[in-house]
Amino acid sequence: MILEVAGLSTAYRSQAVLRDVSFSAPEGELIAIVGPNGAGKSTLIKTILGLTPSLGGSVSVFGRPIGDVRTRIGYVPQRESVDWDFPTHALDVVMMGRYGRLGWFRRPGRKEKAIAMECLAGVGMEAFAERQISQLSGGQQQRVFLARALAQDADLYFMDEPFAGVDAATEKAIVELLRRLRSEGKTVIVVHHDLATVPEYFDSVLLLNVTVQAFGPTAEVFTETNLQRTYGGRVAFAVAATGQAKGAEA
């Protein structure tokens, strides 16, 4: 398994946000983290990455502590958490993804610029390389951040709601990118809110509401019973003939 999480817990002002979260993520899959608002989805990613302190538990990536393998991990935060008024160009943002490979004391050169441009092209944004990020649309900004993640050339990616607030063209581009990463043997773990697209987009799903409600292959885990337990009845859905559940949070 590429990622092993055991007994992970965290709290905010004595209120449990995550409690005894345990799961093992297989290599080369697209994995969705799904649950209601306040379920701890984003906190789970941040706690795994060490951005939020944990109260207990352990995280192992490639069989090692996460601090030992950070260059093999890519992270796309929620777009709303980024200061888009920061005065920098799209190409500069993408080249930041190379710093982990270079080290902070080496300046990026032609090779890094060429890689960054290739990553921008991979998300259809090469024509905007010199555009200030504040001048880009929300969907374009998201594509730039995805290009930065590509530039990291990671083996394990965490993406926090990459589909939130994007247009149909950007959503299609993101799906194509995720499938490309999977075809290269990468593992991508995505916080996702649209239940209707889970069976189409993801190989496995982690249903979370403070603690793990279910985890496994989407065809087996994404069921009416598990969704009801996760959302507490606050979900509208239709059960397809295959037994998979599809729908959206009510």
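The chain is annotated in an unreviewed UniProt entry as Manganese ABC transporter ATP-binding protein of Paenibacillus herberti. Under the Sequence similarities (unreviewed entry) heading, UniProt states for the chain: "Belongs to the ABC transporter superfamily."

What follows is about helix H1 (residues 41–49). Counting buried positions along H1 yields seven of nine residues, so the element is predominantly enclosed. The complete set of buried residues in H1 reads Lys41, Ser42, Leu44, Ile45, Thr47, Ile48 and Leu49. Gly50 sits one or two positions beyond H1 and adopts a positive phi of about 85 degrees.

Read across the sheet, six strands follow the order S6-S7-S8-S3-S9-S10 without closing on themselves; strand pairing throughout is mixed. Among the strands making up the open sheet, the edge pair consists of strand S6 (73–76) and strand S10 (211–217). Within this sheet the neighbouring strands show an average axis-to-axis angle of 15 degrees, counted without direction. The sheet contact formed by strand S7 (residues 156–160) and strand S8 (residues 187–191) spans five bridges and is parallel. By the bridge assignment for S8, Leu156 is matched with Thr187. Where helix H5 (residues 138–151) meets the sheet, its contacts fall on S6 and S7, and the angle it forms with S6 comes to roughly 175 degrees.

Let's shift gears to the pattern of salt bridges. Opposite charge on two side chains lets them pair, provided their charged atoms get close. Taken as a whole, this structure holds five salt bridges when the rule is applied. Asp155 is the partner of Arg72 in a salt bridge, and the nearest nitrogen-oxygen pair spans 2.8 Å. Here Arg72, found in the loop between strand S5 (64–65) and S6, pairs with Asp155, found in the loop between H5 and S7; they are 83 residues apart in sequence, far enough to count as distant. By relative accessible area, which is 32% here, Arg72 ends up partly exposed. On the basis of relative accessible area, Asp155 is assigned to the partly exposed category, the value being 25%. Residues Asp155 and Lys186 are paired through a salt bridge, measuring 3.7 Å at the closest nitrogen-oxygen approach. Linking Asp155 in the loop between H5 and S7 with Lys186 in the loop between helix H6 (168–183) and S8, this pair joins segments that are 31 residues apart in sequence. You can call Lys186 buried: its relative accessible area is 9%.

The next thing to look at is the layout of surface pockets. The computed volume of the second largest pocket comes to approximately 210 Å³. Lining the second largest pocket are 13 residues, and of these Glu118, Cys119, Leu150, Asp153 and Arg180 sit closest to its centre. Elements supplying a minimum of two residues to the lining of the second largest pocket: helix H4 (110–122), H5 and H6. It is H4 that contributes the most residues to the lining of the second largest pocket, four residues altogether. In the lining of the second largest pocket, the residues fall into six nonpolar, one polar and six charged. Counting contributing residues per domain, the lining of the second largest pocket is built from domain 1 (1–62 + 155–249) and domain 2 (86–153), each supplying no fewer than three.

Conventions we followed
- Residues numbered from 1 in each chain as written.
- Predicted model: local features only at pLDDT ≥ 70, side-chain atom pairs only at ≥ 80, totals over all residues.
- Heavy atoms only, no water.
- UniProt positions renumbered as here; feature names shortened; annotations may be inferred.
- Buried < 20%, exposed > 50% of the residue type's maximum accessible area, 1.4 Å probe, protein only.
- Helix = DSSP H or I, 4+ residues; strand = E, 2+ residues; numbered from the N terminus.
- Pairing = 2+ DSSP bridges.
- Axes fitted to C-alpha atoms, helices over the stretch in contact; angles between N-to-C directions.
- Contact = heavy atoms within 4.5 Å.
- Salt bridge = Lys/Arg side-chain N within 4 Å of Asp/Glu carboxyl O.
- 1 Å grid on protein atoms, 1.4 Å probe; cavity = no way out; pocket = protein on both sides within 12 Å on 5 of 7 lines; lining within 4 Å.
- Points joined across faces, edges and corners; volume = space filled by probe spheres on them.
- Nonpolar A, V, L, I, M, F, W, Y, C, P; charged D, E, K, R; others polar.
- Domains from an automatic or database assignment.

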